[in-house]
Amino acid sequence: QVQLVESGGGLVQPGGSLSVSCAASGFTFSRYRMSWYRQAPGKERDMVATITYAGDRTTYANSVKGRFTISRDNAKNMVYLQMKDLKPEDTAVYYCNAQRVYGLGPPDLWGQGTQVTVSS
């Protein structure tokens, strides 16, 4: 079954840390660029971080640079987002996204999302 499944969201206090994970299955993970997006209530879904299919380059939204780290494990078909120094404005549903870079397979995939709430 082709799917992305996020996990690890939850409630954290401002200044705290949290990690979310995304498990991929049903497609050739190593051929896909992976990204994390987030969507707060009433706002558009925005890109947070992206990692190349080889894992050799990363890109971050300005709002999270220096605080968030994206990584992947192609052997385990996993992508991770480590978040530190969290702020209330980081509160959102975080989505995992896969975009095919080469070869065959679905061109674009989304997970169901995981809620991250930053509040005291």
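Rules behind the numbers
- Residues numbered from 1 in each chain as written.
- Predicted model: local features only at pLDDT ≥ 70, side-chain atom pairs only at ≥ 80, totals over all residues.
- Heavy atoms only, no water.
- Helix = DSSP H or I, 4+ residues; strand = E, 2+ residues; numbered from the N terminus.
- Rg over C-alpha atoms; globule rule 2.2 N^0.38 Å.
- Buried < 20%, exposed > 50% of the residue type's maximum accessible area, 1.4 Å probe, protein only.
- Contact = heavy atoms within 4.5 Å.
- Areas by Shrake-Rupley, 256 points an atom, 1.4 Å probe, with all protein chains shown as cover.
- 1 Å grid on protein atoms, 1.4 Å probe; cavity = no way out; pocket = protein on both sides within 12 Å on 5 of 7 lines; lining within 4 Å.
- Points joined across faces, edges and corners; volume = space filled by probe spheres on them.
- Nonpolar A, V, L, I, M, F, W, Y, C, P; charged D, E, K, R; others polar.
- Salt bridge = Lys/Arg side-chain N within 4 Å of Asp/Glu carboxyl O.

### Examining the overall build of the protein
Now for step 1: Along the backbone of the protein there are zero helices and eleven strands.
Now for step 2: Listing every helix and strand of the protein by position from the N terminus yields β-β-β-β-β-β-β-β-β-β-β.
Now for step 3: Relative to the 2.2 N^0.38 estimate, which gives 14 Å for 120 residues, the radius of gyration of the protein is 14 Å and therefore close to what a compact globule would have.
Now for step 4: In terms of its C-alpha atoms, the protein occupies a principal-axis envelope of roughly 45 × 25 × 25 Å.
Now for step 5: The buried share among the 120 residues of the protein stands at 41%.
Now for step 6: Here the contacts in the protein between residues at least 6 apart in sequence split such that 56% fall between residues at least 24 apart.
Now for step 7: Working note: accessible area of the protein is about 6,300 Å², and carbon and sulfur atoms make up 47% of it.

### Things to note about the layout of surface pockets
Now for step 1: The calculated volume of the largest pocket comes to roughly 210 Å³.
Now for step 2: The wall of the largest pocket is formed by 14 residues, among which Arg 38, Ala 40, Lys 43, Asp 46 and Glu 89 lie closest to the centre.
Now for step 3: Breaking the lining of the largest pocket down by element, the ones donating at least two residues are β4 (32–39) and β5 (46–51).
Now for step 4: The biggest single contributor to the lining of the largest pocket is β5, with three residues.
Now for step 5: Across the lining of the largest pocket, the residue classes break down as six nonpolar, three polar and five charged.

### A closer look at the pattern of salt bridges
Now for step 1: Going through the model one piece at a time under the given rule, you end up with two salt bridges.
Now for step 2: The partner of Asp 90 in a salt bridge is Arg 38, and the shortest N-O contact between them spans 2.9 Å. A residue pair is termed long-range when its members are at least 10 positions apart, and Asp 90 in the loop between β8 (78–83) and β9 (92–100) and Arg 38 in strand β4 qualify at 52 residues. In terms of burial, Asp 90 and Arg 38 fall into one category: buried.
Now for step 3: Residue Arg 67 pairs with Asp 90 through a salt bridge whose shortest N-O separation is 2.8 Å. On the criterion of sequence distance, the pair formed by Arg 67 in the loop between β6 (58–60) and β7 (68–73) and Asp 90 in the loop between β8 and β9 is long-range, its members being 23 residues apart. For the pair Arg 67 and Asp 90, a shared accessibility class is recorded, and that class is buried.
Now for step 4: Taken together, the salt bridges that share partners define one network made up of Arg 38, Arg 67 and Asp 90.

The quantities given are spatial measurements derived from coordinates; they are silent on function.
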